[in-house]
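Residues per chain, in single letters:
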Amino acid sequence: MTQDEIRYRGAVLSEGVAIGSLYLLKSHEDWVIPEFSITAAKIDQEIERYRSARTRSKKELETLRGVLKDEGSLEAVTIIDSHIQMLEDPFLIDGVEGKIRDLQKNTESVFKNVIDEYVGYFHNLEDHAMQERAIDVKDLSSRIMKHLHRQQASSNTIPLQSIVYSYELIPSQTAEVSPNHVKAFLTEIGGRTSHAALIARSKGLPYLSNISLEWVKEHEGASIILDGNEGLVIVYPTVETLTYYKALEQKRPYFIPKDSLPITPETQDGTPITVYANLESLYDLHLLREYKVSGIGLVRTEFLYLKKELVAFDENEQFLLYRKLLQLAGNMEVTFRLFDLGSDKKLFCSPILEPNPALGCRSLRFLMRYQDLFRSQVRALLRASQFGELKILLPLVTDVQELLEAKAFIAKEREALLEKGVKVADVIPIGCMVEVPAFVIMCDQLVKHCDFLSIGTNDLTQYTLAADRSNPETCYRYGPLHESVQRMIKLVVEEANKNGIPVSVCGEVASNLAFTQTLLELGVRIFSASPRFIPLLKEKIQTLTLYTGSF
Ligand code: PEP
Ligand code: MG
């Protein structure tokens, strides 16, 4: 008897298409940890066993770090670095060793109790960033536990070409697999900003969450299709569905012959579309030449700091880095977005405690409040401007007053530098991120003070739908491009066109091929996408015809 095709919906954490067999990964939380008392004479031996497990874990992490660096997965390197640092945390050293002495219990049981307590503490904080830290602690603890206790689930046991399911993924599970071995991931819980998702994206592995364990148990071992563009899992596909997805799977970014890519792709009816790249690390610059991008539409400068390419917010250090980036970019335009700090990006510095950080002192508001930081970045950028085609992008602009204040601040710093005889480029376009509905409503006024616009659909969606972007439940509910946001894009594009200034879309949806046609229909002609999706995006654009009907 043949089964009818079944389709399930999940939340997209990493885009792409994969076909493979569904493999259920055993969680380390399923391990049975023995607990027994030890004699005083055995205490030193148990502590030694613990130290050796930590040393082995460290060696393993250092090896993994090397592999990830060679793979070019810098996001993963940063996360593994934080695990190496965590190994030196006193709670993992004195906390555990002290309790082995005091309680006279075997190492595994003491270690498990200390970790459970620590993880519980982070979980109760009800803050996404802190919960993320809890997952990192769990991740590191399962690595150590693996060396203490021999029952283990390792990536080596995963069959080739699997689509791996786990209730929850920890960063190491995505970091340790090779994209040639595992094809994709599915989980029940997990958000787009989780470390596991970040690593999956950096490796080009598709990943969906919100898929229930009960469902997976029913279909374990089946050959399934994961569509990480539309957020679908398909079981028992028809021959047509399978043929369609096999063709799509072949088009993973790595398989597109790059020589055939034009700099500016054209739609079937001859409309040229500009494709820029979003950049979070200097490392990705080499991809941009290969993929022949027209420019860099968004440098998330705060990520240069997160990824430790920038160590301090010191003006001169910033200047050297921005200059290097401009020089490496050659004659490409480079759009530097000023530090987008606050809200979920409070890792860097969080001097203020706020009840509602996403609606609080973030982004441009943060810079206006901490003017030394604002000044250091503006001066560094102005000084670097003579070394390339630099543009400045202001994050989360909300009203005219704020925009004028920010522009006056930049103009003042420019004057101060010129007075000192420092060279600054004659023309530095200043643009705004469109991320707040108030901007869209007042766009006719704001646009008059902008040299360009860039629509940040990630935040625009969050603020339009009042739906936390880092919460998988709310992201999943409204999809990547809700109709309300589509209407906003259309409004903004029309205002920009009326005023003759360029407008791009730089949110995640620009990389999502399921929405390329829609964005074109809304009038978007400049896309700024994640580097790894650029070959696919260019190819997709070349297959589309512009819709001429009304929206
Ligand atoms: C956005 O909000 O769409 C955007 C591009 O900015 P970020 O994702 O860095 O907040
Ligand atoms: Mg944003």
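The structure this text deals with has already been given above.
Keep in mind the model is a prediction, meaning the values are calculated, not measured. (Residues numbered from 1 in each chain as written. Chains lettered and ligands numbered in written order. Predicted model: local features only at pLDDT ≥ 70, side-chain atom pairs only at ≥ 80, totals over all residues. Heavy atoms only, no water.)

Trainee: Just to check I follow, could you spell out the overall build of the chain for this structure?
Mentor: In terms of regular secondary structure, the chain is built from 22 helices and 16 strands. Per-residue burial for the chain yields a buried fraction of 55% across its 551 residues. Of the contacts formed within the chain by residues at least 6 apart in sequence, a portion of 70% connects residues at least 24 apart. Accessible surface for the chain amounts to roughly 23,800 Å². Of this, 52% is attributable to carbon and sulfur atoms. (Helix = DSSP H or I, 4+ residues; strand = E, 2+ residues; numbered from the N terminus. Buried < 20%, exposed > 50% of the residue type's maximum accessible area, 1.4 Å probe, protein only. Contact = heavy atoms within 4.5 Å. Areas by Shrake-Rupley, 256 points an atom, 1.4 Å probe, with all protein chains shown as cover.)

Trainee: It is not clear to me how the site of ligand 1 should be interpreted in this structure. Could you clarify?
Mentor: Close to ligand 1 lie 14 residues, the nearest being Arg300, Arg337, Gly456, Asn458 and Arg469. Gly456 places a main-chain nitrogen or oxygen 3.3 Å from an oxygen atom of ligand 1. The backbone of Asn458 places a nitrogen or oxygen atom 2.8 Å from an oxygen atom of ligand 1. Protein contact buries 99% of the 290 Å² of open area that ligand 1 shows by itself. Of all the secondary-structure elements, those providing two or more residues to the shell around ligand 1 are strand 10 (295-300) and helix 18 (457-464). Residue contributions to the shell around ligand 1 peak at 3 residues, all from helix 18. (Near = heavy atom within 4 Å. Polar contact = N/O pair within 3.5 Å; in protein donor to acceptor, adjacent residues only side chain to side chain.)

Trainee: Please clarify how the coordination of the magnesium ion (ligand 2) should be interpreted in this entry.
Mentor: Expected angles at a metal are 109.5 degrees for tetrahedral coordination by four donors and either 90 or 180 degrees for octahedral coordination by six donors. Coordination sphere of the magnesium ion (ligand 2), protein contribution only: Glu435 (OE) and Asp459 (OD), at 2.1 Å. In this pair, Glu435 is assigned in the loop between strand 13 (430-434) and helix 16 (437-441) and Asp459 in helix 18, connecting sequence segments 24 residues apart. (Donors = N, O, S within 2.8 Å, 3.2 Å for Na, K, Ca; no water.)

Trainee: Looking at this structure, how should I read the sheet that holds strand 8 (residues 232-235)?
Mentor: Consider a sheet: its strands pair through backbone hydrogen bonds, and that pairing is either parallel or antiparallel. On the basis of which strands lie adjacent, the open sheet formed by 8 strands has the order 1-8-7-3-4-5-6-2 and mixed pairing. Among the strands making up the open sheet, the edge pair consists of strand 1 (6-9) and strand 2 (11-14). Along the sheet, successive strands turn relative to each other by an average axial angle of 30°, direction set aside. Docked against the sheet, helix 7 (residues 195-203) engages strand 2, strand 5 (182-187) and strand 6 (207-209), running at close to 60° with respect to strand 2. Running at roughly 105° to strand 3 (residues 17-24), helix 9 (residues 239-250) makes contact with strand 1, strand 3, strand 5, strand 7 (223-227) and strand 8 of the sheet. (Pairing = 2+ DSSP bridges. Axes fitted to C-alpha atoms, helices over the stretch in contact; angles between N-to-C directions.)

Trainee: Where do I start with the environment of Ser530 in this structure?
Mentor: Considering the arrangement of structural elements, one finds Ser530 in the loop between strand 16 (526-529) and helix 22 (534-543). A relative accessible area of 23% places Ser530 in the partly exposed class. Sequence spacing of Ser530 and Val509 is 21 residues, and the spatial spacing of their C-alpha atoms is 9.9 Å. Excluding residues that lie within four positions of it along the chain, Ser530 makes contacts with Asn278, Glu508 and Ser511.

Trainee: Help me understand the packing of aromatic side chains, please; the structure alone is not making it clear to me.
Mentor: For any pair of aromatic rings, the description rests on two quantities: the centre-to-centre distance and the angle between the ring planes. Applying the stated criterion across every chain, the model contains 9 aromatic pairs. Ring geometry for Phe366 against Tyr370: centres 4.8 Å apart, planes inclined by 45°, an arrangement best described as tilted. Note on Phe366: relative accessible area 3%, which makes it buried. Stacked on the ring of Phe387, the Lys or Arg Arg323 has its end atom at 5.5 Å from the ring centre. It is Lys391 that lies over the ring of Phe452; its NZ or CZ is 4.5 Å from the centre. (Phe/Tyr/Trp six-rings, centres within 6.5 Å; stacked < 30°, edge-to-face > 60°. Lys NZ or Arg CZ within 6 Å of the ring centre and 35° of its normal.)

Trainee: Whenever I open this one, the pairing of strand 12 (residues 389-394) confuses me. Can you help?
Mentor: Residues in a regular strand point their side chains to alternate faces of the sheet. Strand 12 sits mainly inside the fold: 5 of its 6 residues count as buried. Judged from the 5 bridges that link them, strand 11 (residues 333-337) and strand 12 form a sheet pairing that is parallel. Across the sheet, Thr335 pairs through a bridge with Lys391, a residue of strand 12. Note that strand 12 and strand 13 share 3 bridges and pair parallel. In the strand pairing of strand 13, Ile392 is matched with Ile430.

Trainee: I would appreciate a short explanation of helix 7 in the present structure.
Mentor: Counting buried positions along helix 7 yields 7 of 9 residues, so the element is predominantly enclosed. Along helix 7, the residues classified as buried are Ala196, Ala197, Ile199, Ala200, Arg201, Ser202 and Lys203.

Just distances and angles here, no functional claims.
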